[in-house]
Structure formats: C-alpha cells, structure tokens
Amino acid sequence: MKELELLLENYWISKDEDKELYYKIKDHIHEFKSFITEKLGYQIIINPYLIKLEKLPGKAEEWMGISTFHSPIEYAFLCLLLMFLEDKGKDEQFVLSEITDFIQGNFEGDEKVDWTLYRHRRSLIKVMRFATDIGMIKVDDGDEQSFAQDATSEVLYESTGLSRYFVRNFTTNILNYKSYKDLENEEQLDLDRDRGIIRRHRVYRRLIMSPIVYNEGTDDPDYDYIKKQKSSLENDLEKYLGWELHVHRNGAMAVLSQNQNYKDVFPENKSISDIVLQLNKVIKSMISANQLKPDKNDTCQVSLPYFQSLIQKLKLQNSVGWSKEYREMQIDKLTDEIINYMSGFNMIEILPDKKEIKILPLCGKIVGVYPDDFYTDIQKEVAMDESE
C-alpha cells in the first residue's frame, strides 16, 4: 500500500506542502490502521496540519539519527530551536539573530557557544537547514550560508507551526532518564519485554526499520519469534508493503520488490553503494576459496589493514567503472567512507579497539559485479579515444 510506504518513509505529511497527498493518505488509513496499531504498536497523529506516524525503533542502532548531524552540539542546537519555536505561532516571522541569542543564552553544555567560531556557525546552519527541509520553518529572505562567513548576517524565517509535533509525547517523565536504554524501555512498564505484544511490536519494527535482524543465539527471543511466526510475518509484509521476508540461520530481513525505491536503502543509486556491492562479492569469493574462514556465526574477524588491502585490491580491479570522485580518492579516505557506509547497513562491525573489523553475514547476501562485457566495452572506448 503506497500510502503506508509514504508514512514509513517520511517524517510526516504536511497538508500545506501536499494537500492532495494529505487527503489521499487520510482516506486510506483505515486499510492499514490495524497493522500499524496491532503489529507495530505505532500511533498516528491526524490533525488539520499534518499526518504523522510516530515511528519508534525496535532496537536503537548506530545508524539511527539525523544523517547531516555529526556532533552532539548539533542535536543540542536543534532542541533549543524547538524550545524557541514553542512561542512562535503559525506564519510568525523571526530573524536568525533571535535564534543565536536564544541559543547562546540557554545552552548548558560544557562548551560555551561562541558564534565567532566557524564550527559553531556551521553546526547551526546544519540545524536550520534540517528544520527547513523537514518543514518546521521557511526561509522568507536571505541565505544561511552567509552566516558561515559572517556571524552578523541575518536571515528572515517563518514558523509553519509544525515544530510542536516534532518530538513525540512521552508517557512518563524523561528528566530522570540516564541513557537511550531508558527510552527503549519506556513503553514496557511492568510488561515482560521478551513476551507478548512488546516482543511482537519490537520484532515487526526491527524487520521494517533495520537492514537485517541477526540471530543472537539460542536465547534470542526476537529471533525465536521470527522463526515461529514466519508465516504470519511473511503474510503481513507482503499484504501491506509488498515485501518478501528472507529468513536464514543467522539473519532475517525484509526484501523490497524491484519497483520499490526508498530513501536510504541498500543497494541505492549512489556510487558508494555500487562499490560496496563489488566489495561484498570479493569477500564472498574469498570465503568460497577458504581465504576467509567464517566462525560458527558466519562472521569473519579481520584487521583494519587487511580490510583496507581488500579495498585497495578492489580499486585496482574495478575503479575504471567508478565515478571520478571515488576513482581519485585516497585509499585512507575511501576506506573510511566504505567502513562508515557498511557499518550503517549492519554489514560490518567495528570492534571496540578500533583495530579490527567483524564482517557480518549480510555481506554475503547482497553482492554485485560488472557484466561480462564491461571491460570489453571499456577497451573499445579507450581504443576509440586513442584513434581520435
């Protein structure tokens, strides 16, 4: 159901941004509401301004977060922006200096906010652009980029009124929470987290939101549920989303059909995605040739230099087909990009010592190679260039 897919993929559907889509989803919600509430345990916010599916992860993972944010201070700035917008009505205008003054006066971190520092200005620009992209504010005049060069630059903004729906409502007081684990456990209260509806919600959420759910052993309640309820899970994913469920000894995942295209899925239309597909093929071939030997959990542990050597080998063999950016990239930077990308899709795990990498089973599931005639075509192109 396309409407459910859109709710899962987008943070919210704003009526002002797309009135036709807003009403289309509103008219079709009854078709999948039972799946959302009974299987996922999600709530739907429907009001005259937006439709929002309150999406919670089944398990917090490293890749979850705002992709453009790279430091805790950016999340702190976002929270302060939300506080600032609480007092702003829909269509009310304000300027950037009001934001900078509010943040500077209310920030309570260890580091003092100093707008003469370029990194602080850059962090605020990221936050303001995120808020604009998601629809919480609009830019009426000016450009945030000028603030990066000059701390006195002004930008005129307008509140859309949607910021008050950004943070979900909590059922308990979160001021005493010490870690993200407290947020994970918030819904559970006195219920057994490994049985009943809590486990069902968690498993469905993990299958829908995570690249893969790994089997963590004989005492893993989530994987036990997947094995026992495989038929029901398959039917629900197919009926409501058109997805397939693949269950293996050490991992289970939802697989999209070829005509479905979501943001931030693997593989995707990015050069780095193609490179990782090729690297996965190298890894799988080495396992088949006993050059890499998986343990009982189908994982392989290698040193960081060894992993980099695999990337170096891949670059020598395949970079002729890569984009210019990656073809010319230094091996250290290329390695960092590949590691970060693969970690985000649960293909590898960086061990605590930062010196070793655990290659996870998903690497062997999704691989890619150039077609047989690829290098022949490249040779023809080179020959034609040389003859001209």
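Residues numbered from 1 in each chain as written. Predicted model: local features only at pLDDT ≥ 70, side-chain atom pairs only at ≥ 80, totals over all residues. Heavy atoms only, no water.

**Description of the overall build of the protein**
Alright, step 1. Helix and strand content of the protein: 16 helices and 12 strands.
Alright, step 2. Judged by the C-alpha coordinates and their principal axes, the protein covers about 65 × 60 × 45 Å.
Alright, step 3. Counting across all 388 residues of the protein, residues that qualify as buried make up 42%.
Alright, step 4. Contacts in the protein between residues at least 24 apart in sequence constitute 61% of all its contacts with a sequence separation of at least 6.
Alright, step 5. Surface accessibility of the protein: about 21900 Å² in total, with carbon and sulfur atoms responsible for 49%.
Alright, step 6. For the protein, the separation between the mean place of its 51 positive charges and that of its 68 negative charges on side chains is 5 Å. (Helix = DSSP H or I, 4+ residues; strand = E, 2+ residues; numbered from the N terminus. Buried < 20%, exposed > 50% of the residue type's maximum accessible area, 1.4 Å probe, protein only. Contact = heavy atoms within 4.5 Å. Areas by Shrake-Rupley, 256 points an atom, 1.4 Å probe, with all protein chains shown as cover. Lys, Arg positive; Asp, Glu negative; His and termini not counted. Charge placed at Lys NZ, Arg CZ, Asp CG, Glu CD.)

**Thoughts on the environment of His-120**
Alright, step 1. Note on placement: His-120 falls in helix 6 (residues 118-134).
Alright, step 2. On a C-alpha basis, the gap between His-120 and Asn-10 in space is 28 Å, while along the polypeptide they are 110 residues apart.
Alright, step 3. Look past the residues within four positions of His-120 in its chain and what remains in contact with it is Ile-73, Phe-77, Glu-111, Lys-112, Val-113, Asp-114 and Trp-115.

**Quick look at the sheet that holds strand 1 (residues 13-14)**
Alright, step 1. Across the sheet, 3 strands lie side by side as 1-3-2; this open sheet has antiparallel pairing. Each edge of the open sheet carries a strand with a single partner, namely strand 1 and strand 2 (44-46).
Alright, step 2. Sheet topology places strand 2 next to strand 3 (residues 50-53); 3 bridges connect them, and they run antiparallel. Bridge pairing links Ile-44 to Leu-53 in strand 3. (Pairing = 2+ DSSP bridges.)

**Here we look at the domain arrangement of the protein**
One frequent convention defines the size of an interface as the accessible area lost when the parts assemble.
Alright, step 1. What the domain assignment lists for the protein is domain 1 (1-55) and domain 2 (271-374).
Alright, step 2. Between the C-alpha centres of domain 1 and domain 2 the distance comes to 38 Å. (Domains from an automatic or database assignment.)

**Remarks on the nonpolar core**
Alright, step 1. Counting 38 residues, the largest nonpolar core has Leu-279, Phe-307, Ile-338 and Met-342 as the members making the most contacts within it.
Alright, step 2. Looking at which element gives the most residues to this core, the answer is helix 12 (residues 271-288), with 8 residues.
Alright, step 3. Among all residues touching Leu-279, those that are not within four sequence positions of it are Phe-307, Leu-310, Ile-311, Leu-314, Ile-338 and Met-342.
Alright, step 4. If you look at the next biggest cluster of nonpolar residues, it comprises 35 residues, including Ile-66, Ile-103, Phe-147 and Phe-166. (Core = buried A, V, L, I, M, F, W, Y, C linked by side-chain atoms within 4.5 Å.)

**Let's talk about the packing of helix 3 (residues 33-40) against helix 9 (residues 196-209)**
Alright, step 1. Put simply, helix 3 and helix 9 touch, their axes get as near as 7 Å, and they point 115° apart. Residues Phe-35, Thr-37, Glu-38, Lys-39 and Leu-40 of helix 3 form the contact with helix 9, whose participating residues are Arg-200, His-201, Tyr-204, Arg-205 and Ile-208.
Alright, step 2. Of the residues in the contact of helix 3 with helix 9, the class split is 4 nonpolar, 2 polar and 4 charged. (Axes fitted to C-alpha atoms, helices over the stretch in contact; angles between N-to-C directions. Nonpolar A, V, L, I, M, F, W, Y, C, P; charged D, E, K, R; others polar.)

**Overview of the sheet that holds strand 4 (residues 93-95)**
Alright, step 1. Pairing within the open sheet is antiparallel, and its 3 strands lie in the order 4-6-5. Strands at the two margins of the open sheet, each flanked by one partner only, are strand 4 and strand 5 (137-141). Recorded for the sheet is a direction-independent mean angle of 35° between the axes of neighbouring strands.
Alright, step 2. Pairing of strand 5 with strand 6 (residues 156-159), which is carried by 4 bridges, proceeds in the antiparallel orientation.

**A short note on unusual backbone geometry**
Alright, step 1. In the segment running from Phe-266 into Pro-267, the intervening peptide bond is cis, with an omega of -5°.
Alright, step 2. With respect to the helices, strands and loops of the structure, Pro-267 is situated in the loop between strand 9 (251-255) and helix 12.
Alright, step 3. A positive phi angle, close to 65°, is found at Asp-298, a residue other than glycine.
Alright, step 4. Turning to its location among the elements, Asp-298 is positioned in the loop between helix 12 and strand 10 (300-303).
Alright, step 5. Phi angles above zero are rare outside glycine, and Lys-354 is one such case at about 65°.
Alright, step 6. Along the chain, Lys-354 turns up in the loop between strand 11 (348-350) and strand 12 (356-359).
Alright, step 7. Here Lys-354 falls in the exposed class, since its relative accessible area comes to 60%.

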